[in-house]
Amino acid sequence: MIRIDNQTGYKIEEVLVRSGDGQQTFGTINKGEKSEYKNFVSAYRYGYVRLKINNIEYVQQPIDYVGETQLEPGKHTYKLELVDNNSRFSLHSSYQKD
């Protein structure tokens, strides 16, 4: 089970996550809030994440999962943040086991 922790500083919309053998949509998550948990058949510490902030699309695209092991069953959180690289914002996620 995975949930999203929105630490971008903005309301995020149309949140889609793909990891391992699963894909889930999380809809809209207000800034500073966490989504409900969603079931994934299998997942990794990171995944493909697509969302919109003020109608601008942001994507985190993993290259592959080489060397990664699947998460053990249980509750997990992907914390999402925006990183400012000289006024070019990019999406960054970090993982925590709940």
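For the structure itself, consult the block above.
A brief structural summary. Given the structure is predicted, the values throughout are model-derived calculations rather than measurements. (Residues numbered from 1 in each chain as written. Predicted model: local features only at pLDDT ≥ 70, side-chain atom pairs only at ≥ 80, totals over all residues. Heavy atoms only, no water.)

Overview of the side chain of Asn6
Working step 1: Relative to the helices and strands, Asn6 resides in strand β1 (residues 2-6).
Working step 2: A distance of 3.0 Å separates a polar side-chain atom of Asn6 from the backbone oxygen of Ile29.
Working step 3: Setting aside its immediate chain neighbours within four residues, Asn6 contacts Lys11, Ile12, Ile29, Asn30, Lys31, Gly32, Glu33 and Leu80. (Helix = DSSP H or I, 4+ residues; strand = E, 2+ residues; numbered from the N terminus. Polar contact = N/O pair within 3.5 Å; in protein donor to acceptor, adjacent residues only side chain to side chain. Contact = heavy atoms within 4.5 Å.)

What to know about the sheet that holds strand β7 (residues 88-97)
Working step 1: Ordered in space as β1-β6-β7, the three strands form an open sheet in which the pairing is mixed. Only two strands of the sheet have a single neighbouring strand rather than two, namely β1 and β7. Looking at each pair of strands side by side, their axes are set apart by 30 degrees on average, direction ignored.
Working step 2: Summarising the sheet, strand β6 (residues 76-85) and β7 pair through ten bridges and their orientation is antiparallel. Bridging from a neighbouring strand, His76 pairs with Lys97 of β7. (Pairing = 2+ DSSP bridges. Axes fitted to C-alpha atoms, helices over the stretch in contact; angles between N-to-C directions.)

Concerning the pairing of strand β3 (residues 22-29)
Working step 1: Relative to β3, strand β2 (residues 12-19) runs antiparallel, the two sharing six bridges. In the sheet register, Ile12 faces β3, and the bridge partner there is Ile29.

Things to note about the environment of Glu72
Working step 1: Looking at the secondary structure, you find Glu72 in the loop between β5 (56-60) and β6.
Working step 2: By relative accessible area, which is 60% here, Glu72 ends up exposed.
Working step 3: Through-space distance from the C-alpha of Glu72 to that of Ile2 is 11 Å; in sequence the pair is 70 residues apart. (Buried < 20%, exposed > 50% of the residue type's maximum accessible area, 1.4 Å probe, protein only.)

So, the packing of aromatic side chains
Working step 1: Summed over all chains, the structure comprises zero aromatic pairs.
Working step 2: One cation-aromatic arrangement involves Arg18 over Tyr48; the distance from NZ or CZ to the ring centre is 4.5 Å.
Working step 3: Over the face of the ring belonging to Phe26 we find Lys38, whose NZ or CZ atom lies 5.5 Å from the ring centre. (Phe/Tyr/Trp six-rings, centres within 6.5 Å; stacked < 30°, edge-to-face > 60°. Lys NZ or Arg CZ within 6 Å of the ring centre and 35° of its normal.)

Section: the nonpolar core
Working step 1: Grouped together as the largest cluster of nonpolar side chains are 18 residues, with contacts concentrated most on Ile4, Ile12, Val15, Val17, Phe26, Leu51 and Leu80.
Working step 2: Looking at this core, the elements with two or more residues in it are β1, β2, β3, β4 (48-53) and β6.
Working step 3: Once residues within four sequence positions are removed from consideration, Leu51 is found in contact with Ile12, Glu13, Glu14, Val15, Ile56, Glu57, Tyr58, Leu80 and Leu91. (Core = buried A, V, L, I, M, F, W, Y, C linked by side-chain atoms within 4.5 Å.)

Some thoughts on the sheet that holds β5
Working step 1: Across the sheet, which stays open at both edges, the four strands sit in the order β3-β2-β4-β5 with antiparallel pairing between neighbours. At either margin of the open sheet sits one strand with a lone partner, and together these are β3 and β5. Pairwise comparison of adjacent strand axes, ignoring direction, gives a mean angle of 15 degrees for this sheet.
Working step 2: Here β2 pairs with β4 via four bridges, running antiparallel. Bridge assignment links Leu16 to a residue of β4, and that residue is Arg50.

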